[in-house]
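If you want the building blocks of each chain, they are given just below.
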Amino acid sequence: MTKETGMIRSRRLHMSILAAGLTACVAAPAIAADAGQCFQPASSTSGTVSLPAKKGPYRIAFANGFIGNAWRVQMLQSLKAYASQPAVAAQIKELRIVSVGTDVSAQIAAMDNFISAGFDAILIDANSPTAFKPVMRRAKQAGVLIVSFDNTLDRTGKETNLVQVNQDQVAMGKMMGDWLNQNMKEKKHVLEVRGVPGNSVDRDRHDGFRQAMAADPGIQITEVVGNWDDGTGQKAVADSLAVNGAVDGIYTQGGSTGVTHALLDSHKPLVPIAGEGENGFRKLIVANAKDGLLGESAGQSPALSAVALKAAIAVLQGQTVPGEIRVPIPAANYKTFEAGKNYFPDLSDTFFAAHDFPICDINMTANDITGQNAK
């Protein structure tokens, strides 16, 4: 059962419920009995979150932010696909989804609405890592669980009702930088294509990448903003190559297919590209590897939304989970790409190849995901 709204672009929250579905009326076993395997702590200081068990099924909301790229669309589809699986659906009385664009105040307003409406838990992909402290306090006072994922929140240390689910973004940026250092023929000039400004993921990946680049301080780094979007990234890279000339390597946080097209269209020397997990990026690397286009692809999986939902249900059921959960970083490169396994020749370029988490018992086929409405 899903209720969904359209885009919200201002401080005023315009909620248009599009659909309502099944109401679970039977008890179901805990769906997170494998939490010890799935919910790995980020560090020894992650702490734990444990709340009094509530009787299900539960009312769960998702206050989404930015939705302007393929990753965000597949993230919503993945959440719906996982929520529709019978064992999960039995635990959900209502799943309501709101997307607010990049407006931080609208995202806070959405959370306040969900708190006032008595939802048991709120998922959030935050537009800012720092702006949500007041609404977090209001959620705590109301006994509402918050599960943040992807673009997570900066903790103050007092959030006993906050679980954060992510992949290690600093480690991912460093992984990309290390791979470039190992695969560039020369190390004079690197192009860095950043994500959406102000997001914690963009900040952390940038920091990790710069840590790796610091191993060779003689490298010149040019930054452009790609917004994790193919069209934006393609134009930004094309403009940079036209103005600044050839580079020795490229790191892009997202929009990797567009970035690669820009390099191919520039007719400049092909150089190693470290990018995201987009299927189109991996297909381009496979098609052009014989001509010298080397690629590393490490994915921020859209299925993080499903892990966040799994964590929310686990805590509501009374289970103890780490306050900071880290899931593995699925990575592959031009040497290890395999059709049907980690890239899909027959699927769209915008599909993200790292689309499930078997360790969490989250197994969704590509058809399960792409068949979901993504308004």
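Computed from a predicted structure; not experimentally measured.

Rules of the game
Residues numbered from 1 in each chain as written. Predicted model: local features only at pLDDT ≥ 70, side-chain atom pairs only at ≥ 80, totals over all residues. Heavy atoms only, no water. Pairing = 2+ DSSP bridges. Helix = DSSP H or I, 4+ residues; strand = E, 2+ residues; numbered from the N terminus. Axes fitted to C-alpha atoms, helices over the stretch in contact; angles between N-to-C directions. Contact = heavy atoms within 4.5 Å. Phe/Tyr/Trp six-rings, centres within 6.5 Å; stacked < 30°, edge-to-face > 60°. Buried < 20%, exposed > 50% of the residue type's maximum accessible area, 1.4 Å probe, protein only. Lys NZ or Arg CZ within 6 Å of the ring centre and 35° of its normal. Disulfide = S-S within 2.5 Å. Domains from an automatic or database assignment. Buried area = accessible area lost by both parts, 1.4 Å probe. Salt bridge = Lys/Arg side-chain N within 4 Å of Asp/Glu carboxyl O. Polar contact = N/O pair within 3.5 Å; in protein donor to acceptor, adjacent residues only side chain to side chain. Nonpolar A, V, L, I, M, F, W, Y, C, P; charged D, E, K, R; others polar. Parallel < 35°, antiparallel > 145°, perpendicular 65-115°, else oblique. pLDDT = per-residue confidence, 0-100.

So, about the sheet that holds strand 11 (residues 249-252). If you trace the six strands from one edge of the open sheet to the other, you get 10-9-11-12-13-16, paired in mixed fashion. Of all the strands in the sheet, the pair left with one neighbour each is strand 10 (220-225) and strand 16 (331-333). If you compare each strand with its neighbour and ignore which way they point, the axes differ by 15° on average. Strands in contact with helix 10 (residues 279-288) are strand 12 (273-275), strand 13 (295-298) and strand 16; relative to strand 13, the strand with the most contacts, it is inclined by about 160°.

Okay, the packing of aromatic side chains next. Taken as a whole and assessed by the stated rule, the structure comprises five aromatic pairs. Between Phe62 and Phe149, the ring centres sit 5.5 Å apart and the planes meet at 40°, which makes this aromatic pair tilted. Remark: Phe149 occurs in strand 7 (residues 145-149) and Phe62 occurs in strand 4 (residues 58-64); sequence separation between them is 87 residues. Here Phe62 matches Phe149 in class, with each residue buried. A ring pair is formed by Phe344 and Phe351, whose centres lie 6.0 Å apart and whose planes are at 90°; its orientation type is edge-to-face. With relative accessibility at 4%, the residue Phe351 sits in the buried group. The ring of Phe119 carries the charged tip of Arg59 above its face, separated from the ring centre by 4.1 Å.

Here the structure, examined in full by the defined rule, presents one disulfide. For Cys38, the disulfide goes to Cys360, at an S-S distance of 2.0 Å. Torsion about the S-S bond of the Cys38 and Cys360 cystine: about 90°, corresponding to right-handed handedness. Taken together, the residues span a long stretch of sequence, with Cys38 in helix 1 (residues 35-38) and Cys360 in the loop between strand 16 and helix 12 (366-370) at a distance of 322 residues. Take Cys38: its relative accessible area is 2%, and that puts it in the buried class.

Take the domain arrangement of the protein next. A common way to express how large an interface is: the accessible area buried when the components associate. What the domain assignment lists for the protein is domain 1 (48-167 + 301-328 + 356-371) and domain 2 (169-298). Domain 1 puts 13 residues into the contact, and the matching count from domain 2 is 11 residues. A combined buried area of about 910 Å² lies between domain 1 and domain 2, and 39% of that area is made up of carbon and sulfur atoms. Contact with domain 2 buries area across many residues of domain 1, yet Asn69, Asn151 and Gln167 alone supply 40% of it, more than any other trio. Counting across the domain 1 and domain 2 interface gives one salt bridge. In this structure, Arg203 engages Asp154 in a salt bridge whose closest nitrogen and oxygen atoms are separated by 3.5 Å. Inspection of the domain 1/domain 2 interface yields five residue pairs in polar contact (both at pLDDT 80 or more). For the side of domain 1 that touches domain 2, the residue count by class is three nonpolar, eight polar and two charged.

Once that is clear, we can look at the pairing of strand 5 (residues 92-99). Burial of strand 5 is extensive: seven of the eight residues sit out of reach of the surface. Here strand 4 runs beside strand 5; their pairing, made up of seven bridges, is parallel. Among the inter-strand pairings, Ala63 is bridged to a residue of strand 5, identified as Val98.

Here the focus is helix 9 (residues 256-266). Of all the residues in helix 9, the buried ones are Ser256, Thr257, Gly258, Val259, Thr260, Ala262 and Leu263. On its buried face, helix 9 sits against strand 9 (189-194), helix 8 (230-244), strand 11, strand 12 and helix 10. Looking one or two residues past helix 9, His267 carries a phi angle of roughly 60°, positive in sign.

So, on to the packing of helix 4 (residues 104-116) against helix 5 (residues 133-142). Angle between the axes and distance between the axes are the two parameters that describe a pair of packed helices. Running from N to C, helix 4 and helix 5 cross one another at 10°; their axes reach a closest spacing of 10 Å. Looking at the two axes, helix 4 sits roughly parallel to helix 5. In contact with Ile108, Met111, Asp112 and Ile115 of helix 4, helix 5 contributes Val135, Arg138, Ala139 and Ala142. In the contact of helix 4 with helix 5, the residues fall into six nonpolar, no polar and two charged.

Turning our attention to the confidence of the model for the protein. In this model, the protein carries a mean pLDDT of 88, and residues with pLDDT of at least 70 account for 90%. Under a pLDDT of 50 for its full length, residues 1-34 has, in the predicted model, 95 contacts with residues more than four places off or in other chains.

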